[in-house]
Amino acid sequence: MSARMLDGTAVGLAIRTELRPAVEAFTATLGRPPGLGIVLVGNDAGSELYVGSKLKSAAESGLRADLTRLPATASLGEVIAAVERLNASDVHDAILVQSPLPAALGAEAERHVVDHIAVEKDVDGFHPINVGRLVQGHWTLAACTPSGVIELLDRSGIPIVGKHAVVIGRSDIVGKPMALLLLHRHATVTICHSKTVDLPAVARQADILVAAIGRPAFVTPAYVKPGATVIDVGTSRVGDRALVESIFPAGSKRRDAFERRGALTMGDVHPSVEEIAGALTPVPGGVGPLTIAMLLKNTLAAAEQRFVKPATS
Ligand code: GUN
């Protein structure tokens, strides 16, 4: 059996196309487009790429998107000051601080910075109040990648209600909000992590398996129930030739890409899982385009939340 490939690029494009009329209506009413302010600290190569795609996609969808760049040497105070400027801006409805922040800012830096983002502009849904709303099941802004996974499942006709979903990874950005969104869709949810005993056996119970750990090719067929839906959230940049050679045979497309570029973007799921899964997201072209589509959708939602008052009865 060969898994059905779930096309995140097509679903992402469909979401972005659907946003257009509402973006145009907002722009006509307010005399300006919905606005997103992105803060990028330092020069992490992966973050540069992601932020570039976010800015480009926002512009293509008729949104305003501005980048505030700070050097890797910026202090926590300077990062928070950039957030406060966007909080006070009339033209920015949504704020995103690209993660990860430079390690020199300290382990708690992301938490401190997120705490300063205005709740209604917190496009990632990372602020404690938005996390609380997600836990309670009445959110407007939820983390973009997990929200995109739900859209992909829905639009691919993969049922969630009553299914056993296993999420590998417990990050604030993906694992935890993913588990909550699946729970709110009435899945039975298990969260696994590095201390989980017999992880392959737990993962094998999943009808829907979400891998979000950032370890290339970690999930092998031993982790997958035949026919399961496998969602690969990993995007590791791999330059290790021995690892690439052990996974992709000579002459394969991916191996050729590695030979040309000297590195590959790899997911958490081993390619041999394609032989056992029922449905699978590729990397690249799976979850990545959905993260961006949901960022644009959340930017519009944040803008509408600020300015479009609900009709009163
Ligand atoms: N870095 C990787 N994914 C994300 C995301 O969804 N939001 C932010 N702010 N940073 C990220």
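Here the structure is a predicted model, which is why all the values come from computation and not from measurement.

What counts, and at which threshold
Residues numbered from 1 in each chain as written. Predicted model: local features only at pLDDT ≥ 70, side-chain atom pairs only at ≥ 80, totals over all residues. Heavy atoms only, no water. Helix = DSSP H or I, 4+ residues; strand = E, 2+ residues; numbered from the N terminus. Rg over C-alpha atoms; globule rule 2.2 N^0.38 Å. Buried < 20%, exposed > 50% of the residue type's maximum accessible area, 1.4 Å probe, protein only. Contact = heavy atoms within 4.5 Å. Areas by Shrake-Rupley, 256 points an atom, 1.4 Å probe, with all protein chains shown as cover. Lys, Arg positive; Asp, Glu negative; His and termini not counted. Charge placed at Lys NZ, Arg CZ, Asp CG, Glu CD. Pairing = 2+ DSSP bridges. Axes fitted to C-alpha atoms, helices over the stretch in contact; angles between N-to-C directions. Near = heavy atom within 4 Å. Polar contact = N/O pair within 3.5 Å; in protein donor to acceptor, adjacent residues only side chain to side chain. 1 Å grid on protein atoms, 1.4 Å probe; cavity = no way out; pocket = protein on both sides within 12 Å on 5 of 7 lines; lining within 4 Å. Sits in = over half its atoms within 2 Å of the grid points. Nonpolar A, V, L, I, M, F, W, Y, C, P; charged D, E, K, R; others polar.

(A) A look at the overall build of the protein chain. Counting its regular elements, the protein chain contains 11 helices and 11 strands. The globule rule puts the C-alpha radius of gyration for 313 residues at 20 Å, and the 20 Å found for the protein chain is close to it. With the C-alpha coordinates aligned to their principal axes, the bounding extent of the protein chain is approximately 55 × 50 × 35 Å. Among the 313 residues that make up the protein chain, the fraction classed as buried is 49%. Taking as baseline every contact in the protein chain between residues at least 6 positions apart, the subset at least 24 positions apart corresponds to 72%. As presented, the protein chain carries roughly 14200 Å² of accessible surface, and 57% of it is formed by carbon and sulfur atoms. Looking at charge distribution, the protein chain has the averaged site of its 31 positive side-chain charges lying 2 Å from that of its 31 negative ones.

(B) Structural detail: the sheet that holds strand S11 (residues 279-280). Within the open sheet, the 6 strands sit side by side as S1-S11-S8-S7-S5-S6. Their pairing is parallel. The sheet terminates laterally at strand S1 (4-5) and strand S6 (188-192), the two strands that pair on one side only. Summarising the sheet, strand S8 (residues 229-232) and S11 pair through 2 bridges and their orientation is parallel. By the bridge assignment for S11, threonine 229 is matched with alanine 279. Where helix H7 (residues 175-184) meets the sheet, its contacts fall on strand S5 (164-168), S6 and strand S7 (208-211), and the angle it forms with S5 comes to roughly 170°.

(C) The arrangement of the environment of arginine 185 in detail. Along the polypeptide, arginine 185 turns up in the loop between H7 and S6. The exposure class of arginine 185 is partly exposed, given its relative accessible area of 30%. Through-space distance from the C-alpha of arginine 185 to that of valine 161 is 5.9 Å; in sequence the pair is 24 residues apart. Ignoring sequence-local partners within four residues, the contact set of arginine 185 consists of Ile150, Asp154, Ile160 and Val161.

(D) Just the site of the ligand, in detail. Close to the ligand lie Leu96, Val97, Gln98, Ser99, Asp124 and Phe126. Between the ligand and the protein, one listed contact pairs a nitrogen atom with a side-chain N or O atom of glutamine 98 at 3.2 Å. Between serine 99 and the ligand, the recorded distance is 2.9 Å, taken from a backbone N or O atom to a nitrogen atom. Relative to its unbound accessible area of 280 Å², the ligand is 86% covered by the protein chains. The site holding the ligand turns out to be the largest pocket. By residue class, the composition of the shell around the ligand is 3 nonpolar, 2 polar and 1 charged.

(E) Region of interest: the sheet that holds strand S4 (residues 94-97). If you walk across this open sheet you meet the 3 strands as S3-S2-S4, and the pairing is parallel. The open sheet has two edge strands with one neighbour each: strand S3 (64-70) and S4. Shown here is a sheet whose adjacent strand axes are inclined to one another by a mean of 15°, direction ignored. Of the strand pairs in this sheet, strand S2 (residues 35-41) and S4 are connected by 4 bridges, and their pairing is parallel. Bridge pairing in S4 places leucine 36 opposite alanine 94.

(F) Up close: unusual backbone geometry. Omega for the peptide link from serine 99 to proline 100 comes to 5°, which places this bond in the cis form. Mapping proline 100 onto the fold places it in the loop between S4 and helix H4 (109-116). Residue proline 284 is bonded to the preceding valine 283 through a cis peptide linkage, with omega at 0°. Within the fold, proline 284 resides in the loop between S11 and helix H11 (288-307). Unusually for a residue other than glycine, histidine 186 sits at a positive phi of about 70°. Within the secondary structure, histidine 186 is located in the loop between H7 and S6. You can call histidine 186 exposed: its relative accessible area is 55%.

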